[in-house]
Amino acid sequence: MMNLSTTIAGVTFPSCFMNAAGALCVTQDELESLGRSGAGAIVTKSMTIEARQGNPEPRYYGFLGGSINSMGLPNLGYKAYAELIPHLKRFGKPVIASVAGLVEDDFPTIAEFINAAGPDLIEVNLSCPNIPGKPQIGYDPEASERLLKRVRPKVTVPMGVKLPPYFDPAHHQVMGAVLGRCGVDFLSLINSVGNGLVVDPERETVVIKPKGGFGGLGGRIIKPVALANVRAFYKFFEGKMPIIGTGGIVEGIDAFEHVLCGASAVQIGTVLVEEGLDVFGRLEAELSAVLMRKGYQSIQECRGRLNEL
Ligand code: RRO
């Protein structure tokens, strides 16, 4: 198998594949299983101040083209994750703490406390689409800048931002400028495509219960949106901002496409939930075979090298 190791903001990952925040990473058991798995890192569920049960079920639904979810931030609360982090670091791979919040003030509080627990990186989630009545912070550039400028001084490890998908170049430009002013060290792109609606025509119903059936779309169908966001931010930062690509990776060749667009690593959400932890071994073998067939020795060699016509 080819060496698929990678570096993000000075931190070395033994493999470029890891779980996406939210996928099989809520409980201590799940996080330890990621530690024992082929994943190149352990990413925690986005954490809030208080532990949360999340939204009522059914709140996740997998279909042929992907998934829809409205989990509603079920998590153990930041103090429990802070306690787990030293233990999780013993698995010998980076630990990424995903920080969320219900109000702006929560973010610096959680970031400071979790930073002190010593994760290798922190990912600030500006893009949860599923809290009733709360728009995604990432769609408000001024709120994003205010929040990131408060979080930045609390964090001594590399600080990344998990963004929602943007659908207009003007939005990539505005958010790119914000991130550049806030000392962001890496990007995770993209969170689920918010507020989609999946319909079961036989039952004539929605498929998840919260918010009348509206939820975040993931999996195969969102790959072109994810690739566009990876590429747009890669170009905005002229290849100098490390990017973790997320969205629509089902096979090794999908990860190769993310790398071509500019990703230095990739996260797996829907397909990890659907297939379980063995997905990492499969994807590593498949990406290795793609690189081998094309005569590449590493992902660094083709990162960002997408040809335009
Ligand atoms: O928990 C969720 O409902 C959730 C979150 Br915090 C997120 O960032 N993205 C998503 O698809 N679901």
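Before going into details, it helps to say that this report is about the structure given with it. (Residues numbered from 1 in each chain as written. Predicted model: local features only at pLDDT ≥ 70, side-chain atom pairs only at ≥ 80, totals over all residues. Heavy atoms only, no water.)

**Quick notes on the pattern of salt bridges**
Tallied over the entire structure, the rule returns 16 salt bridges. With a closest N to O distance of 3.9 Å, Glu57 and Arg59 form a salt bridge. Of the residues examined, Glu57 reaches a relative accessible area of 59% and is grouped as exposed. In this structure, the salt-bridge partner of Arg150 is Asp105, at a minimum N-O distance of 2.8 Å. Here the residue Arg150 occupies a position in helix H4 (residues 141-151), and Asp105 occupies one in the loop between strand E7 (95-99) and helix H3 (106-116), the gap between them amounting to 45 residues. Taking relative accessible area as the criterion, Asp105 reaches 46% and is therefore assigned partly exposed. One continuous salt-bridge network, built from bridges that share partners, spans Glu104, Asp105, Arg146 and Arg150. (Salt bridge = Lys/Arg side-chain N within 4 Å of Asp/Glu carboxyl O. Buried < 20%, exposed > 50% of the residue type's maximum accessible area, 1.4 Å probe, protein only. Helix = DSSP H or I, 4+ residues; strand = E, 2+ residues; numbered from the N terminus.)

**A look at helix H7 (residues 252-261)**
Counting buried residues in H7 gives eight out of ten residues, a clear majority hidden from the surface. Buried within H7 are the following residues: Gly252, Asp254, Ala255, Phe256, His258, Val259, Leu260 and Cys261. For H7, the secondary structure elements touched by its buried residues are strand E3 (17-19), helix H6 (223-236), strand E15 (243-246), strand E16 (265-268) and helix H9 (279-294). Gly262 occupies a position one or two residues after H7 and carries a positive phi of about 130°. (Contact = heavy atoms within 4.5 Å.)

**Looking at the site of the ligand**
Inspection of the region around the ligand gives 14 residues, with Lys45, Gly72, Leu73, Asn191 and Ser192 positioned closest. Within the side chain of Ser192, one N or O atom sits 2.7 Å away from an oxygen atom of the ligand. In terms of residue class, the shell around the ligand is made up of five nonpolar, eight polar and one charged. (Near = heavy atom within 4 Å. Polar contact = N/O pair within 3.5 Å; in protein donor to acceptor, adjacent residues only side chain to side chain. Nonpolar A, V, L, I, M, F, W, Y, C, P; charged D, E, K, R; others polar.)

**Comments concerning the side chain of Asn55**
The residue Asn55 is located in the loop between strand E4 (42-43) and strand E5 (60-63) in this model. Of the residues examined, Asn55 reaches a relative accessible area of 11% and is grouped as buried. Within the structure, the side chain of Asn55 is placed 3.1 Å from the backbone oxygen of Ser70, a separation counted as a polar contact. Leaving out residues up to four positions away in the same chain, Asn55 has contacts with Ser70, Met71, Gly72, Asn130, Pro132 and Pro210.

**A short note on the pairing of strand E8 (residues 121-125)**
Across the five residues of E8, five count as buried, placing the element largely inside the fold. Residues of E8 alternate between two faces, with Leu121, Glu123 and Asn125 on one and Ile122 and Val124 on the opposite face, all of them buried. Note that E7 and E8 share four bridges and pair parallel. By the bridge assignment, Ala97 is partnered in E8 with Ile122. In the classification by handedness, the crossover that spans E7, the intervening H3 and the parallel E8 is right-handed. For E8 and strand E9 (residues 159-163), the ladder comprises four bridges, and the chain directions are parallel. By the bridge assignment, Glu123 is partnered in E9 with Gly160. (Pairing = 2+ DSSP bridges. Right-handed = clockwise from strand over helix to strand, strands pointing away.)

These values are about where atoms sit, not about what they do.
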